[in-house]
Amino acid sequence: MDVKHSLDTPLTGRYLPGLPQVARTYLWARASEPTVLVAPKDRLRLYADLEAFGRGVWVNPGLEAYGFARRVLLDPTAALRPFPRDPEAWRVVFREGDRLLRDRLLDKLDRLGYRRDEPGGYTVRGEVLEVADLRLEFFGDTIEAIFALGERRSRVVLTPASGREPEATVPALAAYEGTVFLDRPATLPDEVWVQLAGREVVCFGLGGPERPVERPPFEPLAPYRARLERFAADVRGWLEAGFRVVLFYRHEKTRAYLSDRYLADLPLATLRTVEERPGVQLVPAPFEGGFVHREERTVYLTEPLLFAFGGAAHARSRRILQAAPEDPGALAVGDYLVHPEHGIGRFEGLESREVLGAVRDYLVLRYAGEGQLYVPVEQLPLLRRHPGTSDEPPRLSSLGKKDWQRAKERAQADAEALAQRLLVLYARRQQAPGTAYPALPDWDPLIEAGFPHTLTEDQARALADVLRDLETPHPMDRLVSGDVGFGKTEIALRAAHRVVGHGRQVAYLAPTTLLAEQHYRTFAERFAGLPVEVALLSRFTSEAEARRVEEGLAEGRIDVVIGTHRLLSDRVRFRQLGLLIIDEEHRFGVAQKERIKEVAEGLDVLSLSATPIPRTLYQALVGLKDVSSIQTPPPGRRPIQTVVAPFDPALVREAVLFEMERGGKAFYVHDRIASIEARVRYLEALVPEARIGVVHGSMPDREIEEVMRHFARGAFDLLVATTIVESGLDIPEANTILIERADRLGLASLYQLRGRVGRREREAYAYLFHPPRLTEAAERRLAALADLTDLGSGHRLAEKDMEIRGVGNLLGPQQHGHVQAVSFEVYTELLAEAIRKLKGEEVPKPRHTTLDLAVSARIPPTYVPDAGERSRLYGRLAEARGLAELARIVREIKARYGEPPQEAATFFALARLRVLAEQKGVRSITEDGAYLQLVVGRWPLDYDAVALRGLPFAVEPTRYPPGFRVHKRGLAPKDYPEALQRVLYALG
């Protein structure tokens, strides 16, 4: 190929903004060797394979490549990696046929850190030298054969042994010669620019030195955004004008589809490398963009150009990808915080203040009117959260008035009344006669053998709770709450097995037909081979089958029946019903709930809820109401990676194709039946490789059933549906869900929809699309869901959702007003306290240590520049309840921001002191002119007197107040936290 023009035009010392990526690759591939390209790490994949242009690339090479690598690709980190100034002194190159003096070779091996006849060193056996994973066979001093890991090689390079670091190093970028090309130079660190002084440089993009722009004869092409008819017409036009067309494709399915559907009648060739021939060339490559080379009369296009992958870059950057998920409870500006004395305030940010010579950070809380409160960050553990994600945010309290105390008193009175009612219901149920189902040693293990996994700790605890209830002679009424896919069905299945073993029948009530069918398949599979008959009764059941089921239930032939509200029909009679399992009771109507109460009279009832109960409410109810909460994910489950972005066709296509490439399926939620067919046609054009199915509530029942069955069996790659798929469908291969107009859906509904994916070990993705403009409430709702990516975080979502929609499902509709007034957490704390008082239990007071030391301790802006991030870190540190958890957070901070300055180190030490003091029951730590005072609040003190006497500073036990007095003489303020910790370690 004649590409003289692009090389005749001098490019060095120029910056070339606006070139598509494929044009940048073209220029680098045609540049004279040696040459180097420095690109951001996330873009290395675009340049790493130049086979399409007949070139080889060394990606982030090490010492072994020096002298051989002629076209080097580096990310900024690799470009600055230390590299020997004299590379040949720190390696040995072995080639077949080379002559090496044996003594000199062995001396060099010693210098490289290899020791003779030692592990990891080298050995000499006659004419054979073995070093590291190499075996070299000599004839005299000549290398006859080289073997690396058993394979024969013509050349290998031996680098220093592990632990032997080269001396006199330079950055790797300085070691490689030739013109340096920079991709996205504005993103490069200053250290890279220092290494470019005096080098010939070509900048692809802004951010480089200001030089005259002298663009090559390239004409960038606009993206086609899946308008493939226009693409085909343009190809024909270019061919007629005497141009040749090169299309770089990424996916084999794309190549086959385009060549069969749009390019079949054209002169077409599928190649590995671009050749000088007319017509259309299809070449595999990872490039992006497209351009017309007028002088070469060639058009270069890429698959992303056809489907506009590149337009999704801004959305991809918002993906919440967390190996160790960030704490969703971390503090953020705009959060509503509840102060125990002053009530609800809005967090406005952080402000640094100097008091008595010590610099500290304070939380600024905005109250009603112009009220403002400055709270030291050390007091964060005293504050409670009010999620405030409602369209009607909580009313701010007024400073100096008593409206907060009055609201708190009203909520406390309501909590006490509710606790009394719950206690009466609990006592009444404990006195009611029922049936006991004791353990069956020969029968119980038969169902356990069919479970392919190990129960999680929470599952085992919930199962023990349920079986214990069944063994008592009183009716069970237990709620098992847990995140989607966390194993509630297994608990229900084993409870049913126990009841069936005693000759009683079980009814499983599901809210939807699809969910009933799924549970029927699960139960039928697990009970296969056992003398148990399982039946299904729903609107899909034929009349003949329904009559058979009804007769079997009345006569006792059918042991377990699974169905929808059809089970509540007067026609359904049981011979001996022992257990009623209700899945998602809140999804049934009022009339159906009344009928459930009639059916459940005197029965053991097990309720399942996929909306997890918040921990605070669970702790309030656990001693009174029968509640089991499953908050531990099954082994191998991964967080669902969540993307919140404006709708982008390119991102839709990219997401679906990614799922298809790994052999999976995807959901696409379009919650408008009237336009769902138009949306399907749009998606067919956008993702022509996907087989698309459609399901919505207006379709005939049989069609819904058939489509769902085909999707589960693999007939479709993409299922376009309304929110009908929210109801618990378990399709293991479906691990991507795209939700259109997510801003229209409620928080709980979004959470349930996202739970349709990620039910197995494979990583799952959820895309929440919204219009370019959002209401503040919708934006916060979507942000709340995106934050909740860690497994088991459904309890946090449940808390937010109950704030918004009320707590009628679990407490009662009248409680919602009090929850909104004082926050969910405060109300449930009041409820827990009222329950303990009524049961005659001692109400433990929460441990909190007041810290008041005049030391400069904060996370300064010079260490963590972003104010929002500093707020989140303060929130995470304040919520740490153990030294191990605190140490993990501090390690994360150091890994991200480096070693902390003195102020930050002192703050971390104060956080450790606070955690340790709370564990020891210390009430306060204060200081005066000469002493540091620890107030323990109990006498006599239990402490190690020998350990205290061994401290390098004076410590005295005090009786009034009970605690210790530490002499400040010889201690600098920055040493106070460490000194006080040593005192606490001596305290019993």
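Bear in mind that the values here come from a model prediction, so they are computed numbers and not experimental data. (Residues numbered from 1 in each chain as written. Predicted model: local features only at pLDDT ≥ 70, side-chain atom pairs only at ≥ 80, totals over all residues. Heavy atoms only, no water.)

Our next topic: the packing of aromatic side chains. Any aromatic ring pair is given by two values, namely how distant the centres are and how the planes are angled relative to each other. Tallied over the entire structure, the rule returns 22 aromatic pairs. An angle of 20° between the planes, with centres 5.7 Å apart, marks the rings of Phe53 and Phe287 as stacked. Placement of the pair is Phe53 in the loop between helix 3 (44-47) and strand 3 (58-59) and Phe287 in the loop between strand 19 (280-284) and strand 20 (291-293), with a sequence separation of 234 residues. Considered together, Phe53 and Phe287 belong to a single accessibility category, that of buried residues. Between Phe248 and Tyr300, the ring centres sit 6.2 Å apart and the planes meet at 5°, which makes this aromatic pair stacked. On the criterion of sequence distance, the pair formed by Phe248 in strand 17 (residues 244-249) and Tyr300 in strand 21 (residues 298-302) is long-range, its members being 52 residues apart. The structure contains a cluster of three or more aromatic residues connected by ring pairs, namely Tyr26, Phe53, Phe218, Phe248, Phe287, Phe291 and Tyr300. The side chain of Arg102 reaches across the aromatic face of Phe138, ending 4.7 Å from its centre. Positioned above the aromatic ring of Phe243 is the side chain of Arg297, whose terminal nitrogen or guanidinium carbon lies 4.3 Å from the ring centre. (Phe/Tyr/Trp six-rings, centres within 6.5 Å; stacked < 30°, edge-to-face > 60°. Helix = DSSP H or I, 4+ residues; strand = E, 2+ residues; numbered from the N terminus. Buried < 20%, exposed > 50% of the residue type's maximum accessible area, 1.4 Å probe, protein only. Lys NZ or Arg CZ within 6 Å of the ring centre and 35° of its normal.)

Attention now moves to helix 15 (residues 488-501). Here helix 15 spans 20 Å end to end across 14 residues, near enough to the 20 Å set by a 1.5 Å rise per residue. Of all the 14 residues making up helix 15, twelve are buried; the element is thus mostly covered by neighbouring parts of the structure. Those residues of helix 15 that fall on the buried side of the exposure criterion are Lys488, Glu490, Ile491, Ala492, Leu493, Arg494, Ala495, Ala496, His497, Arg498, Val499 and Val500. Once helix 15 ends, the next one or two residues include Gly503, with phi positive near 85°. (Expected span 1.5 Å × (residues − 1).)

The next thing to look at is the sheet that holds strand 24 (residues 358-366). Pairing is antiparallel across the open sheet formed by five strands, whose spatial order is 25-24-23-22-26. Whereas interior strands pair on both sides, the edge strands pair on one side only; in this sheet they are strand 25 (372-376) and strand 26 (384-386). The mean inter-strand angle of the sheet, taken between neighbouring strand axes irrespective of direction, is 45°. When strand 22 (residues 336-339) meets strand 26, the two strands line up antiparallel, connected through three bridges. Looking across to strand 26, one finds that Leu337 is bridged to Arg385. The sheet contacts of helix 28 (residues 867-879) involve strand 23 (343-355), strand 24 and strand 26, and relative to strand 23 the element is tilted by about 105°. (Pairing = 2+ DSSP bridges. Axes fitted to C-alpha atoms, helices over the stretch in contact; angles between N-to-C directions. Contact = heavy atoms within 4.5 Å.)

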